[in-house]
Each structure stands twice: as structure tokens, then as C-alpha cells.
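So the chains spell out like this:
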Amino acid sequence: MVEIELDGKLVEVPQGSMVMHAANKLDTYIPHFCYHKKLSIAANCRMCLVEVEKAPKALPACATPVTQGMKVFTHSAKAVEAQRSVMEFLLINHPLDCPICDQGGECQLQDLAVGYGKSNSRYEEEKRVVFHKNVGPLISMQEMTRCIHCTRCVRFGQEVAGVMELGMVNRGEHSEITTFTGQTIDSELSGNMIDICPVGALTSKPFRYAARTWELGRKRSVSPHDSLGTNTTIQTKSNKVMRVVALENEAINECWISDRDRFAYEGLNSTDRVTTPMVKQGGQWLETDWQSAMDYVAHSLKTISSESGPQAVAALAHPISSIEELYLLQKMIRGLGSNQVETRLRQTDVKGSASAPWLGMPISKLSELDRVLVIGSFLRKEQPLIAARLRTAAKRGLHVSRIDAGGDDWLIPVTSIAATPSAWISTLSEVALAVAKAKSVTAPAGTPNLPVSPTAQKIADSLLSGTSTSVLLGSAAIAHPQASDLHLLAQFIAEQTAATLGFLPVGGNAVGASLINANGVGVESILSGDRRAVILMNIEPDADLPNPTQARAALSKANTVIALSAYKSADLLEVADVILPISTFTETVSTFVNAEARTQTIQPAVKPLGDSRPAWKVLRVLGGLLNLDGFLYNMPEEILGEALGENYCTKLSNQSTATSLSNGNVTPSAGLERLSDVGIYAGDQIVRRSSALQLTRDAKHGNQVGLGQVLFNELGLKEGDAVRVTQGSQSVDLPATLETNLAKGAVRISAGTMASSQLGSMFGPVTVGKA
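Residues numbered from 1 in each chain as written. Predicted model: local features only at pLDDT ≥ 70, side-chain atom pairs only at ≥ 80, totals over all residues. Heavy atoms only, no water.

Under the annotation held in an unreviewed UniProt entry, the chain carries the name NADH-quinone oxidoreductase and is attributed to Polynucleobacter duraquae. Here is the UniProt Catalytic activity (unreviewed entry) comment for the chain, exactly as written: "a quinone + NADH + 5 H(+)(in) = a quinol + NAD(+) + 4 H(+)(out)". In its Function (unreviewed entry) section, the UniProt entry covering the chain states "NDH-1 shuttles electrons from NADH, via FMN and iron-sulfur (Fe-S) centers, to quinones in the respiratory chain. Couples the redox reaction to proton translocation (for every two electrons transferred, four hydrogen ions are translocated across the cytoplasmic membrane), and thus conserves the redox energy in a proton gradient." (UniProt positions renumbered as here; feature names shortened; annotations may be inferred.)

*Asks:* Help me out: how do you make sense of the side chain of R391 in this one?
*Replies:* Examined against the element boundaries, R391 turns out to sit in helix α10 (residues 384-395). We note that R391 is buried and unpaired, the nearest opposite charge coming from E188 at a distance of 4.5 Å. Within the structure, the side chain of R391 is placed 3.1 Å from the backbone oxygen of W410, a separation counted as a polar contact. R391 has contacts with V160, A161, G162, E188, L189, R380, W410, L411 and I412, leaving out every residue within four places of it along the chain. (Helix = DSSP H or I, 4+ residues; strand = E, 2+ residues; numbered from the N terminus. Buried < 20%, exposed > 50% of the residue type's maximum accessible area, 1.4 Å probe, protein only. Lys, Arg positive; Asp, Glu negative; His and termini not counted. Salt bridge = Lys/Arg side-chain N within 4 Å of Asp/Glu carboxyl O. Polar contact = N/O pair within 3.5 Å; in protein donor to acceptor, adjacent residues only side chain to side chain. Contact = heavy atoms within 4.5 Å.)

*Asks:* Would you take a moment to explain the sheet that holds strand β11 (residues 217-222) for this structure?
*Replies:* Taken together, 3 strands build an open sheet; the order of strands is β11-β12-β13 and the sheet is antiparallel. Both edges of this open sheet fall to β11 and β13 (240-246), since each of them pairs with a single strand only. Adjacent strand axes in the sheet meet at a mean angle of 30°, parallel and antiparallel pairs treated alike. As paired elements, strand β12 (residues 231-237) and β13 share 6 bridges and run antiparallel to each other. (Pairing = 2+ DSSP bridges. Axes fitted to C-alpha atoms, helices over the stretch in contact; angles between N-to-C directions.)

*Asks:* Help me understand the UniProt feature "domain: 4Fe-4S His(Cys)3-ligated-type" (unreviewed entry) in the chain in this model?
*Replies:* UniProt's entry tags residues 78-117 with the feature "domain: 4Fe-4S His(Cys)3-ligated-type" (unreviewed entry), counted in the numbering of this structure. Spanning residues 78-117, this segment combines 55% helix with 0% strand, and its end C-alpha atoms are found 16 Å apart.

*Asks:* Quick question: what am I supposed to make of the packing of helix α2 (residues 77-90) against helix α3 (residues 108-116) here?
*Replies:* A pair of packed helices can be characterised by two numbers: the angle between their axes and the separation between those axes. Contact geometry for α2 and α3: axes closest at 10 Å, N-to-C directions at 130°. Judged by the angle between their axes, α2 and α3 are oblique. The crossing of α2 and α3 is left-handed. Residues Q83, R84 and M87 of α2 touch α3, and the partners they reach there are L109, L112, A113, G115 and Y116. Grouping the constituent residues of the contact of α2 with α3 by class yields 5 nonpolar, 2 polar and 1 charged. (Parallel < 35°, antiparallel > 145°, perpendicular 65-115°, else oblique. Left-handed = near helix turned anticlockwise from the far one by under 90°. Nonpolar A, V, L, I, M, F, W, Y, C, P; charged D, E, K, R; others polar.)

*Asks:* Is there a simple way to explain empty space enclosed by the protein in this structure?
*Replies:* The probe, sized like a water molecule, is rolled over the atoms to show the empty space still left. Counted by the stated rule, this structure contains 7 cavities of 30 Å³ or more. By volume, the largest cavity is sized at about 140 Å³. As for the largest cavity, its lining consists of 15 residues, of which I320, N538, S583, T584 and F585 are closest to the centre. Residue classes in the lining of the largest cavity are distributed as 6 nonpolar, 8 polar and 1 charged. Approximately 100 Å³ is the volume found for the second largest cavity. Every residue lining the second largest cavity is counted, 16 residues in all, and those nearest its centre are C147, C150, C153, C197 and A201. Secondary-structure elements contributing two or more residues to the lining of the second largest cavity are α4 (152-161) and α5 (192-196). Among the residues forming the lining of the second largest cavity, the class breakdown is 13 nonpolar, 2 polar and 1 charged. (1 Å grid on protein atoms, 1.4 Å probe; cavity = no way out; pocket = protein on both sides within 12 Å on 5 of 7 lines; lining within 4 Å. Points joined across faces, edges and corners; volume = space filled by probe spheres on them.)

*Asks:* Would you take a moment to explain the state of the cysteines for this structure?
*Replies:* Here a disulfide denotes a covalent bond joining the sulfur atom of one cysteine to the sulfur atom of another. Tallying each qualifying case throughout the model produces 0 disulfides. C62 takes part in no disulfide bond, and the closest cysteine sulfur, belonging to C48, lies 3.8 Å away. By relative accessible area, which is 3% here, C62 ends up buried. (Disulfide = S-S within 2.5 Å.)

*Asks:* I'm lost on unusual backbone geometry in this one. Help?
*Replies:* What you tend to see is this: most non-glycine residues have negative phi, and most peptide bonds are trans. Positive phi is not limited to glycine here, since Y209 has a value of about 60°. One non-glycine residue, A498, lies in positive phi territory at about 60°. Inspection of the secondary structure puts A498 in the loop between α14 (483-496) and β22 (500-503). Residue classification places A498 among the exposed residues on the basis of a relative accessible area of 67%.

*Asks:* I keep staring at the layout of surface pockets and nothing clicks. Help me out?
*Replies:* Put simply, the second largest pocket is a space of about 860 Å³. Mapped onto the lining of the second largest pocket, the elements with two or more residues apiece are α5, β10 (203-204), β12, β13 and α6 (259-263). Here the element with the most residues in the lining of the second largest pocket is β13; it accounts for 4 residues. Within the lining of the second largest pocket, the residues separate by chemical class into 15 nonpolar, 9 polar and 8 charged. Looking at the lining of the second largest pocket, you find at least three residues from each of domain 1 (1-92) and domain 2 (217-269). (Domains from an automatic or database assignment.)

*Asks:* Even after reading the chapter, I still don't get the packing of helix α11 (residues 424-439) against helix α12 (residues 454-464), so can you show me in this structure?
*Replies:* Relative orientation of the contacting elements α11 and α12 amounts to 50°, with a least axis distance of 8 Å. Of the possible angle classes, the one that applies to α11 and α12 is oblique. In terms of crossing hand, the pair formed by α11 and α12 is right-handed. Between α11, through E430, V431, A434, V435, A438 and K439, and α12, the contact on the second element is made entirely by A456, Q457, I459, A460 and L464.

*Asks:* How should the pairing of strand β14 (residues 278-281) be read in this particular structure?
*Replies:* When a strand is regular, its side chains alternate between the sheet's two faces. The sheet contact formed by β14 and strand β15 (residues 284-287) spans 4 bridges and is antiparallel. In the strand pairing of β15, V279 is matched with L286. The loop that links β14 with its antiparallel partner β15 comprises 2 residues; one of these, G282, has a positive phi angle of about 60°. Pairing of β14 with strand β25 (residues 578-581) involves 2 bridges; the strand directions are antiparallel. Pairing of M278 across the sheet is with I579, part of β25.

Right, dumping it as C-alpha cells:
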């Protein structure tokens, strides 16, 4: 530790710290633009100049290392004069357009100009002009003349997002920030550049000219679009969500949010919103009142339960639903005598499943790992902020290994084995065998006796040499047809290498759903065609279920399908008999349990749209109409207390109940296999309706079929050529895109798209030919 004197106050900071760090420890504000606590030091704005005793001139606080006994003056005449001089230079070319600037009211330059600027300028020359650039549907670079070249956006791309999409060209007053050769900004974290830009150079394109910051109400919230539980601030005007920005929480999302969390709000006020109960009569949809709709639903459920038996009634719910909603849904289904309730929408293999799978550690501990093996995950698009944490940790020495089908670049140095999905069991078995040999133990029963490849040995050696290690199972491993075998092998590897076994849960409340018993016998049982009444909550069958063709067939056999949904869609209108309009998470009290099992409750930011109601109120009333006990709730807090209890964390478990691999025959398939990711902007009803997100490169990527180099050459394709993909008896034509790192024999076809709704299971044999 080094002790210095700052403005007459003594402060101790670690050796190697900068003066800015010492000032932050004392809560002494030093004006700055280019400095950001999460980015490297650039020292190019010079606004943080301070006086240091015995130094001949003012020094930048962000780049001046502390020394023992140093005396620093941040507000002396010398320091203030230096800061005023810098401000004068910064304003030479800055346009006087604060009244029309979207950054007005929350602009660092505006604030500091009040304190350090002058009322008039000594410069009479013409100001420079920088022409606008189109960099995609999310970020506006229309007024780059405002840019002060702090390079925060450039450093964020390189250091946090992992890809340098912006850079500076030219010199002197001709310098400007731009993309490379007119490309767009496509990072899944790009919106953070808007937040960290200290001026109005980078602004939100969807929010452009929509409102002034001082007109907006603000509510703390949580994003439900993945299991991280990202903290956000929802900004509203006239009962409408206008903008979503990051809310700092170092333990969860630091100070970042993904573009999915930031721009999904556009879907909240989609024209697809249902605001009045609807009932299908004679094939026609009719609007009705709540009383009539609820009586119809209650009568249907009573009749079917009594005539066809309790197990004829089932429910599927999207894990975007709140704890309050999921708890009452499962309580109603179980109150009718059925166990046919499920939120693990894409998990077809539930035998041996852990009772309450979770990350296995605090999210912040990911930054402290030195070894990690990730199995079956599209990490960068699936969990953008977890990928960012691992990316940062990799710079400090974390060794990342991955076993999947490849194709996507995580922007992290990795030891990778790319194999078709049918080969994942044998590949992971090789790692397990290498670990077993090193530890002189026996691999799990049923593990095939295979030769260990050099890469599998390298992964095993990496895990065995670590001191803080984790084995993580991703969304593709969870949805895999042999998920239980992958789980058992991963558990064995984790136990033998003293690693933490964890899951990357799918959906905002995936962990909470398991804790409150909202999972039953699996989605396959519910979609077997034997259920006479099916309740769908926050679900669109074509986009949210593992086999859309099978789902539509099963739901068409049901006597009644009841949809609790905030939105209508073509597939829902086709299969449902009743649609009850429910509120979104921004319109009701909602509790979410994130990947680390942290409970977060948010209050409504706006009132429910139209005549929609919170789902927990709908289910409470429905439980009463069905004469079920225990539905007399007045407040959502009562439901939450009953659902979770104080010791809910004791229920968490990642342990498999299986004792051996289910099938010793792990010979990979010889032909082409489908590999399914769920597009980053296709995971739930709200995100799918964000018009800006659906214009991004990632959204377009989900509507293409990814092919490896070998198959691309065999078919003689060029980028964008149409190919016909056939799965079973279904075929669909899609544009092809080259994915050079994709495993040989794998064909990536995203789930949750209109094209995939015409095909079958997320995994299995396919054929590909020119259209």
C-alpha cells in the first residue's frame, strides 16, 4: 500500500494505482471523459489534469501512478486553470446543438462545460463537420461532429465485447471514429457504447427523438430474457416504456447489459398485444368479457378432468414467467390431480435430471476461475454477459475449453473439440477416461472404452491442473437427446477434478421454476397427444417448443387449449380455443430467481395495457372457480412467501440421479445432423417482437442455414445461395451461410424461427441439397 495526500486528506491505495483511484476512494470527483473504471487507461482527453507537488506542469490523474508521500491538489488554481484550458479546446469544434441532442440532460460534456467552460469562445474559425454513418439498426452515429475522441467506444469493443468494430482514422482535427470499410456494428453488447459515450455522438436509434430525459419516469427492473438476472432501469412516459438502460450491480451484470436486454422493450407495445379476452366459436375469434371467458375455461377444465381423468389436464409455461405466476399454475394443475406441468420447454431427456439445476456458484466467481470446460453451449449469444466475464478472465489467465459443434466464435482463446451432436457423448467420454486414468478411478458405468484424442487429453490435463475450476453445461447440452448422459459424464469430470458443476439455465426463471415444483414429467409427455386440456402460458408453439410439427399435432388433438398470453400469433390463433390477455413483466409485480439462485422482485413500471390482467390474478381467480383450496391471495408477496420460503437455497442441486450411461452404443451418425441454436433474438415473445433487434445481423443469421466448409464446397455454394433442407417428411428452403469452424457433418438450423417451424426435432438426421 502507498499513502498519499490528496487535497489535504491522507489515503492509502495499492501500489501501482493511479491518482484517479485514490480520488475515487475519497469520493473526490475529478472531471474526466476518457477514463472509465472498466476500461484501460487512454489519457487522451486530458480533462483530469491535477497539480502534483514538485511536478513542473499539471498531470492527468487517470495515468499518473501514486508514489509514497505524493501531494496532489485537484482543485488548486493551477489544476482548475488546466482543466478550463482543456475544456476550451474540447468545445472548439463541438456543435451548439444541445437543445436537439438526445444526450441533453444526461451529458457529461454539458455538465462539465457549466463548471469549466466559458460563456463565449475566442475562436471564430468554422467548426469542422464529420459526416454521419449508418452502422446498423441499434446505434445512431448521425452527429459524429459531437465526438470528443475519448475512445471509450473503441476500447469497450476491444476489451469487453471482444471485437474491434470501431477505430480512429486520420490525425489531428481530422480524426474521427468510424467502422471499418463501412461495416455495421454487430456485437451483442454494442448498446453499452451508447451508455459510456460521454457526449451525444453515439445515441440509441430506436429511442431517437422519442423523449427528453427529464420527462421520463424510472423504475428499477430485471431482465427476464436470460438467466443472468441483469439489473436494468426502465424509463417510461405516458404509461409506455420508452427506454431501458443498465443499472450497475457488480455481483451480477457489473455496469453492462446486452442488446437483447436493452432493446427488447420495443416488443412490449407490439401490435400483436392482446388486450381483451378472446374465445374461438365456430372457427372464428370473438372478443368477450373476463367473466364469460373465465367461466368457459373453468367449465372446460372441470369437465375434462372428471371425464378423462386428472392426467388429461396439462400446462406448459415459458420460464420468462414470474415465480408468482409459475407457482399458481403448478398449484392449480396439481390441485386438479395432475403432474403434467413443465417449463423445461426444449429439454426432451429428463431422466436423471437434477432436481434444481443452477450455475453452482455466484456469478462473480466466474471472473476468478482459472479453468473452465463448457459443454454444448452457444455461449456468446446464449449468455452474452457471462461470455464477457470469461473473456475478461481469460486475459488474466483463465484456460477455456469447449466441447460442442463449433461454428460460433466466442472471441476467447479456447481449446476446442468440434463434433456433431451425436458424437458429444463419445467426445466427453474421452475426457472422462483421461481424468479417470489420471486419478486411478473407474469412469461411470456404461462409458465406452475409446482411445483418448490429444485434444481430449489436453482438456483433461487443463482441468486437473486448475485451482479454481468449473464444468458448465449449456443450452444445447440441456436440449440434447442424451442430456442425462452428458450430465452424468460432466458430473464425474467435475467430481474428479474438484471442479464446480454448473448449468447455464435457459430463461429468466429456469432456476426458480425447479425450486417451486413447476416441472413435472417432461415436455414430451405433455405433447404426446394424450392430453385433453392444455394450458399455455407465455408460449408460442412454433417458436418455443422442441418439435413444432409434433406440438401442433398434439395440441390439435386436445379438446381445449387455453392460452395465457400477452400476444397473439398465427400459430397460437390456430391451436388455441381461448386467449386470456395477461400482463408483461413490466406491468406487474414479478419475482425472478437467476442462475446463481438470487431472488429479485421488481415493481410494475407501467399499468397493464388495455384490459389485460397479471397472470397471477387470473390464476388466483381460476383456482377459486375450480373450487381448489389455497387460492385466497390478496397480494403477490403472499404467493412468493409460500412459493419459496426462507430456506429455498437448500433445494438447489446439480446432482444427476442416474448411475450409468443409458446407452453404451455411442457411435456417431454417419450422415448430416441438425444442430439447433435458439437465436439470440428469438428466445421469447417480447424479444421476437422488437423491430430493431429483428433487423440486426444476428437476427438475419438465425434465418440462414449454417454449413461447414466441406459441405459448402461439395454443393458448390456461394454465400446466400438457397439450399433445401429436409428433415423427415418436411422440407424448407433457406439461404446458406458458411461457418468455417462448424463440425464436419453438422448443419446449423436455428430454432424459434418461421423456417424451423416447418421442420421437426432440434436434433436428428437431415439432408441438404441445392434448392
